[in-house]
Amino acid sequence: MALPFGWNLSPWTFTKLLRPLIAALRSPHLTELPATYLIRPLRAITASIYLDDLLVLLRRSDHGPTVMAAVRELYTALGLSIKLSKSVLDPVPRLMHLGVVLDIPRKLLSLPETKRHRISQLTKSLLAAALTPRNRRCVSRRVLASAVGYFQSCCPCLPFGRFYLTRLYDSLGSGTDFDRLVRLSARAISDLRGYWARLHDHTTDRPWGHPVRTTVLCTDSCTAGWGGWVSLPSGIMRLR
């Protein structure tokens, strides 16, 4: 029995099938598994999985051999194979995972240079097509959808990336005919020129995890104006 790659429910089905595996690895009470799975003092394996890509995080590098032995033993018991040529079995501080670079010591997600170059190419191609006088800011919906999808995949490393995608999504519309032309708005052209084409001027690193909260800003607005207050460690400041 196998899952066909072309079936749109294959990723969902495969993810559901692996839920017991990831639950077993994460569980702090591993009484159902052999004693080798109980990694003291961790008490459980910290892991993240997306389809068949498994990421294991360690508090100490010397836990690596024990943790990997447990993971490989569980995979073997379930009849799952590990492609060693695509795996990193020794603890490393920096790792490429799902298209981004994980910097564990600095707790940063970074966009690799290859993706930054690809974003630059897609942006130049869109601008060249849209700004041709005879096109009148029109581009292929298929080409725009492909570029927007790629930009979206890079947004985890771009703190303001999703903000600059809004006008592009508006121009893309909700139509399903990808062979038609769509018109880019002036704001969409501005976002392509000012942000996506100048990505080298913006940070492509983003902290992962839960940042420490130092300041709380609460705002409200109405037709009469805008106001709010800022909560600082030294007190509360009112804004009007």
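Bear in mind that the values here come from a model prediction, so they are computed numbers and not experimental data.

Please clarify how the sheet that holds strand β3 (residues 94-97) should be interpreted in this entry.
Sheet strands pair via backbone hydrogen bonds, and the direction of the pair is either parallel or antiparallel. Pairing is antiparallel in the open sheet, where four strands are placed in the order β3-β4-β5-β8. Two strands lie at the open edges of the sheet, namely β3 and β8 (205-207), each paired on one side alone. If you compare each strand with its neighbour and ignore which way they point, the axes differ by 25° on average. Looking at chain direction, strand β5 (residues 108-110) and β8 are connected through three bridges and run antiparallel. If you follow L109 over to β8, its bridge partner there is R206.

Would you mind going over the pairing of strand β2 (residues 53-57) with me for this structure?
Along a regular strand, successive side chains alternate from one face of the sheet to the other. Here strand β1 (residues 46-50) runs beside β2; their pairing, made up of five bridges, is antiparallel. Bridged to Y50 within β2 is D53. Hairpin connection of β1 to β2: two residues between the antiparallel strands, including L51 at a positive phi of 55°.

Looking at this structure, I do not really get the nonpolar core. What am I missing?
Generally speaking, nonpolar side chains in soluble globular proteins are found buried as a group. Counting 30 residues, the largest nonpolar core has L144, F151, L168, L184, L192 and W196 as its most contacted members. Those elements giving two or more residues to this core turn out to be β4 (100-103), α4 (113-130), α5 (141-154), α6 (166-172) and α7 (186-194). With residues near it in sequence (within four places) discarded, W196 still touches I119, T123, F151, C155, L158, G161, Y164, L165, L168 and D191. In this structure, L21, L25, A47 and V67 belong to the second largest nonpolar core, which totals ten residues.

What exactly am I supposed to notice about the pattern of salt bridges here?
Where charged atoms from two side chains of opposite charge approach closely, those side chains can pair. Inspection of the entire model under this criterion finds four salt bridges. Residue R142 is joined to D179 by a salt bridge in which the shortest nitrogen-to-oxygen separation is 3.0 Å. Of this pair, R142 sits in helix α5 while D179 is found in the loop between α6 and β7 (181-183), placing the two residues 37 residues apart along the sequence. Accessibility expressed as a relative area gives 64% for D179, which makes it exposed. Look at the salt bridges and you will find they share partners, linking R94, D103 and R106 into a network.

Got a minute to help me understand the confidence of the model for the protein in this structure?
Regions with low pLDDT carry predicted coordinates that are not meant to be interpreted in detail. For the protein, per-residue confidence averages 81 on the pLDDT scale, and residues scoring 70 or more make up 86% of the total. Strand β11 (residues 235-239) is the least confidently modelled element of the protein, averaging 62 in pLDDT, while α5 averages 92, the highest of any element. Predicted confidence for residues 30-43 stays below pLDDT 50, and this span has 23 contacts to residues more than four positions away or in other chains.

Parameters and conventions
Residues numbered from 1 in each chain as written. Predicted model: local features only at pLDDT ≥ 70, side-chain atom pairs only at ≥ 80, totals over all residues. Heavy atoms only, no water. Pairing = 2+ DSSP bridges. Helix = DSSP H or I, 4+ residues; strand = E, 2+ residues; numbered from the N terminus. Axes fitted to C-alpha atoms, helices over the stretch in contact; angles between N-to-C directions. Core = buried A, V, L, I, M, F, W, Y, C linked by side-chain atoms within 4.5 Å. Buried < 20%, exposed > 50% of the residue type's maximum accessible area, 1.4 Å probe, protein only. Contact = heavy atoms within 4.5 Å. Salt bridge = Lys/Arg side-chain N within 4 Å of Asp/Glu carboxyl O. pLDDT = per-residue confidence, 0-100.

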